[in-house]
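# Understanding the architecture of this molecule
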Number of protein chains: 2
Amino acid sequence: MADIVEPKRARGGRTQRREARSGSQAIHRPYIVRGIPTYDILSDESLTRIEATADRILAEIGIELRDDIPTMELYRKAGAEVTAQSDRVWRVKFPPGMLREILKTAPPVFTQHARNPAANVLIGGKNVVFAPSYGSPFVMDLDKGRRYGTIEDFRNFVKLSQASPWLHHSGGTVCEPTDVPVNKRHLDMVYAHLRYSDRGFLGSITAPERAADSIEMARVVFGAEFVDQNCVIMGNFNTTSPLVIDGVTASGIRTYAAANQGSIHLPFLLGGAVAPLTIAGMVAQGLAESMASCAIAQLTRPGAPTILASFFSSMSLRTGSPTFGTPEPAIGSLAMGQLARRLNMPLRCAGNFATSKLPDGQAMQQSMMSMMSAIQGGANYVLHSAGFLDGLLSMSYEKHVLDTDMCGALHAYMDGMAVDDDALAFEALAELGPGQHLFSTQHTLRHYETAYWDSEINDDRPFETWSEQGGLDSAQRANQRWKKTLAEFEAPPMDVATDDALKDFMARKKAAMPDMWY
Amino acid sequence: MADIVEPKRARGGRTQRREARSGSQAIHRPYIVRGIPTYDILSDESLTRIEATADRILAEIGIELRDDIPTMELYRKAGAEVTAQSDRVWRVKFPPGMLREILKTAPPVFTQHARNPAANVLIGGKNVVFAPSYGSPFVMDLDKGRRYGTIEDFRNFVKLSQASPWLHHSGGTVCEPTDVPVNKRHLDMVYAHLRYSDRGFLGSITAPERAADSIEMARVVFGAEFVDQNCVIMGNFNTTSPLVIDGVTASGIRTYAAANQGSIHLPFLLGGAVAPLTIAGMVAQGLAESMASCAIAQLTRPGAPTILASFFSSMSLRTGSPTFGTPEPAIGSLAMGQLARRLNMPLRCAGNFATSKLPDGQAMQQSMMSMMSAIQGGANYVLHSAGFLDGLLSMSYEKHVLDTDMCGALHAYMDGMAVDDDALAFEALAELGPGQHLFSTQHTLRHYETAYWDSEINDDRPFETWSEQGGLDSAQRANQRWKKTLAEFEAPPMDVATDDALKDFMARKKAAMPDMWY
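Residues numbered from 1 in each chain as written. Chains lettered and ligands numbered in written order. Predicted model: local features only at pLDDT ≥ 70, side-chain atom pairs only at ≥ 80, totals over all residues. Heavy atoms only, no water.

The name that an unreviewed UniProt entry assigns to chain A is Methyltransferase, with the source organism given as Stagnihabitans tardus. Per its UniProt entry, chain A bears the Sequence similarities (unreviewed entry) comment "Belongs to the trimethylamine methyltransferase family." (UniProt positions renumbered as here; feature names shortened; annotations may be inferred.)

This part is about the overall build of chain A. For chain A, the helix and strand inventory stands at 19 helices and 19 strands. For chain A, the C-alpha radius of gyration of 23 Å lies close to 24 Å, the compact-globule estimate for 518 residues. Across its three principal directions, the C-alpha atoms of chain A cover 80 × 55 × 55 Å. For chain A, buried positions account for 66% of its 518 residues. Carbon and sulfur atoms make up 52% of the accessible area of chain A, which totals about 16,900 Å². A distance of 3 Å separates the average location of the 50 positive side-chain charges in chain A from that of its 58 negative side-chain charges. (Helix = DSSP H or I, 4+ residues; strand = E, 2+ residues; numbered from the N terminus. Rg over C-alpha atoms; globule rule 2.2 N^0.38 Å. Buried < 20%, exposed > 50% of the residue type's maximum accessible area, 1.4 Å probe, protein only. Areas by Shrake-Rupley, 256 points an atom, 1.4 Å probe, with all protein chains shown as cover. Lys, Arg positive; Asp, Glu negative; His and termini not counted. Charge placed at Lys NZ, Arg CZ, Asp CG, Glu CD.)

Its rotation angle being 180°, the transformation that places chain B on chain A also includes 0.0 Å of axial translation and leaves an RMSD of 0.0 Å. Interpreted geometrically, this transformation is the action of a two-fold axis. No C-alpha of chain B approaches the rotation axis more nearly than that of B:Gly361, which lies at 2.0 Å. Comparing interface residues between copies, 100% of those in chain B also lie at the interface in chain A; the contact surface is shared. (Least-squares fit on C-alpha atoms with pLDDT ≥ 70 in both. Contact = heavy atoms within 4.5 Å.)

Taking 1.5 Å as the rise per residue, helix 18 (residues 474–488) of chain B with 15 residues should run 21 Å; its terminal C-alpha atoms sit 21 Å apart, in good agreement. Of all the residues in helix 18 of chain B, the buried ones are B:Ser474, B:Ala475, B:Arg477, B:Ala478, B:Asn479, B:Trp482 and B:Leu486. On the buried face of helix 18 of chain B, the contacting elements are helix 12 (361–377) of chain A together with strand 8 (138–141), helix 5 (151–163), helix 13 (397–415) and helix 17 (463–468) of chain B. Where helix 18 of chain B begins, the capping side chain belongs to B:Asp473, and its oxygen is found 3.1 Å from the backbone nitrogen of B:Ala475. (Expected span 1.5 Å × (residues − 1). Polar contact = N/O pair within 3.5 Å; in protein donor to acceptor, adjacent residues only side chain to side chain.)

Attention now goes to the interface of chain B and chain A. Contact residues are listed per partner, giving 126 residues for chain B and 126 residues for chain A. Buried surface at the junction of chain B and chain A, summed over both partners, amounts to about 10,200 Å²; 67% is from carbon and sulfur atoms. Together, B:Leu317, B:Met417 and B:Tyr452 form the three largest contributors to the area buried by chain B at its contact with chain A, with a combined 9%. Inspection of the chain B/chain A interface yields six salt bridges. The partner of A:Asp421 in a salt bridge is B:Arg49, with the nearest N and O atoms 2.7 Å apart. The interface formed by chain B and chain A includes 37 residue pairs in polar contact (both at pLDDT 80 or more). No other element matches helix 12 (residues 361–377) of chain B, which puts nine residues into the side of chain B that touches chain A. (Buried area = accessible area lost by both parts, 1.4 Å probe. Salt bridge = Lys/Arg side-chain N within 4 Å of Asp/Glu carboxyl O.)

What follows deals with the state of the cysteines. In a disulfide, the sulfur atoms of two cysteines are held together by a covalent bond. Residues and elements named next belong to chain A. Enumeration over the complete set of coordinates arrives at zero disulfides over all chains. In this structure Cys-294 is not part of a disulfide, and its nearest cysteine sulfur, from Cys-349, lies 13 Å away. The exposure class of Cys-294 is buried, given its relative accessible area of 0%. (Disulfide = S-S within 2.5 Å.)

All names here are of chain A. Its 17 residues give helix 11 (residues 327–343) an end-to-end C-alpha distance of 25 Å, which sits within 8% of 24 Å, the value for a rise of 1.5 Å per residue. Burial of helix 11 is extensive: 15 of the 17 residues sit out of reach of the surface. Note on helix 11: the residue one or two positions beyond its end, Asn-344, has a positive phi of about 60°.

What follows concerns the pairing of strand 12 (residues 262–266) of chain B. Residue and element names in this part refer to chain B. Here strand 12 lies mainly inside the structure; five of its five residues are buried. Burial of the side chains of strand 12 extends over both faces: Gly-262, Ile-264 and Leu-266 are buried on one face and Ser-263 and His-265 on the other. Of the pairings in the sheet, the one linking strand 10 (residues 234–238) to strand 12 comprises five bridges and is parallel in character. Of the residues in strand 12, the one forming a bridge with Met-234 is Gly-262. Bridge count between strand 12 and strand 14 (residues 306–315): three bridges; the pairing is parallel. Of the residues in strand 14, the one forming a bridge with His-265 is Leu-308. (Pairing = 2+ DSSP bridges.)

Residue and element names in this part refer to chain A. Direction vectors running N to C along helix 11 and helix 12 enclose 15°, while the axes themselves pass 8 Å from each other. One finds that helix 11 runs roughly parallel with respect to helix 12. For the pair helix 11 and helix 12, the crossing hand works out as right-handed. For the pair formed by helix 11 and helix 12, the contact residues are Pro-327, Ala-330, Ser-333, Leu-334, Gly-337 and Arg-341 on the first element and Met-369, Ser-373, Gln-376 and Gly-377 on the second. Considering only residue class, the contact of helix 11 with helix 12 consists of four nonpolar, five polar and one charged. (Axes fitted to C-alpha atoms, helices over the stretch in contact; angles between N-to-C directions. Parallel < 35°, antiparallel > 145°, perpendicular 65-115°, else oblique. Left-handed = near helix turned anticlockwise from the far one by under 90°. Nonpolar A, V, L, I, M, F, W, Y, C, P; charged D, E, K, R; others polar.)

Below you can see the structure in the form of structure tokens.
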């Protein structure tokens, strides 16, 4: 971990925030260092019971592994009890404690390097990294409504994220570019992240060769030797809940880990469908699945960057539809944070979840409930921090704007409260005494510019001013904002040779295979 | 405290929630008993420094008391150093520790009785009571926009609150009824609370005789003897920050306390204007002011129900306007919760604050940030739980609907997570094993109806269904909802003799004085 240097920051990061405010985008905070404690809602006894249940699930029910013989062998050699159910499907049972032992080689904190070193992120410990939403087939905006995402939308969202000082990472499949063949879109996606962002990003995981291509493109930019020693790309891998790991996932994990790149291990748990609908059971299952998946990375290359993860969702009693941004999953996420700290591993958890189909009051109420659980629970990597609508089916241009602004507010929230003589401000009150406004005190003048988070999208003006200037709601203001941001966007510089090498790699790969659309 | 009986409730209150869901409004939970711990963000050392600063403010700067000789004498007899600045203005300085000693007689928890005993609330300890917003001169809805509030609006909001199972208290000045003379509107307001709600409420504080009238009307309903022994009404008293208590406030506090009724002691702190703009300083000042105000109640009648309170707000750097629902005040509210517990007193704090002028995304994002600080910080009485918009200048019909629904979600949130064999649900996973959906397991069937909070206003249906049925946003749905609720509203029963006595009291009072409009 000797390569990790904490970025220089003013206490509370307010200096940097002011600079970001004034448009100096390059000087954003590369990630947040928490200034507030985590919100620990469960007792040690309850946590121990959840862990014991996870261990029992792993030991007595086990995981079903499909289609990946090398992973089966890794598990077996490590001491798991492997029973073949067919020549391509195995039940894998783990003696209690075995996975915890294996996961001890996972680094508690690691750096994901960005092509701009000032944008490197520390993942783990007290550090918090915000990345945009991931995986929506649709996009939506107020003008054109909902439609399938395209590679142009994809690039737009990469640009919008890069332009926000309140995100720290470019994310991965920010929307599905459905106008590009399925077997080639990973090339365009990785290129967009590398070209239009200078932050860290996620590569493809939909097939082992696409994972390999993603890492190869990172090598073009970072150099093969650097990549072997440093994390420059990560893959986000979903288990097939309940309790299944498929072959594409297992081999993808091995591909990233073998290259010493990061992997995120996510059970996507919809209570009542692929998990119990009681929260404690959902958390226990999520812990079991994520540990089993993380172990593939550690068994492939001990010490490879590996992120424990959880995604909890509830369902509507009336329709059976999944619901997002609801209270029970928020409580589950807080508990998951405690469990991750007991494992001493970085955590991906929650995000700006919403079921609403518009960037309206419902959307932002749901988002805030979910996002609060991420930051209070101690999540280190928060995917889905911006754009999430429609139960993850749609990436919204306006919600991306509203969410990134909320992420800014959460920077100030996580700075917490300074308690020193200056902040306690006895002199500020003593200067003029009872009944006198503090506008003109030395203390007020000294702190005026930096005391409070300053939203760029909320309207805090008096009603009359707001009304005279059009009386727009926040979604309408966000609509104006993303268009302005895209119109003014300038890609971060990239040397021509690197850009050409990336384009050449893509051209060769695309020419080598016919288009596939499924 | 022998009269306090914890209401019977199923674990987690889910039985009652289901009943409320099915329309049986009478069986709502009378208040919330927290199932999750508080979120303690400050160390003991930091808390001690804030308390020491509050003590120093009180000892070295002191409070300016205006226009109330009896309070001046109460303070002096109790040991404060009182210096006359004129014949009606005194500077009052409190030796360190003096106020803490006086406040030891304040009950840590007390019951406010409602005219329906099933709606009695416990205030203090682990109990949380939600009440609607308070004090807006304007009202707004999507149809008619913003206009001055009337007594009809006032009655409407009392009815909307009564109809919600997720509020526990009728509040006070739910909007200013500006069409009723200033010196008579307290009569109509108190009558509306007593007639259209059967929950606890707040009386008038704008003049000592109006406070007395409010209490007298409560005596009509509850009986004079009962009122002398039990809290049936409370007054919400604001200090005049910084560090002033005016005569109307001081005499009003004495009036409520002498009658053994409850009083809330609220510094309304706008950072940079009437308080330092650093959070720690704002919290220290708020603690000092609220303690000095609370002491008036305890010195008047030791043991009178008394609530410590805080209201923190930031300001816009660009306009100097106050801003609500922002991160710094939320952090301050969490700290205030810790300080109240160290004083062993009930706390009123935060609420569904928003600066937005519409029930839009901004409004609900700001509300949720603020409301989370109330419930996580351990506030016991949360005024402003529903309807707050426009920086408290407007009470919104639609936001009242959205907020009360959010309050329902917060019931589920505060229930926390059961961790027992049933909730851990090992058998649910074992029943069908890996790869099998849990829809049909015994565990799912058993928990299906009660596992998740079920919003009545959020739209959780698939996009296509939502779109076919009109594609409304949450504010539009809320607009439909409040109209339906008012159309279907039935006032809780009241015997004719009591109603007549109240009307007679009002008529006599109104006839005895000319209308005043300021």
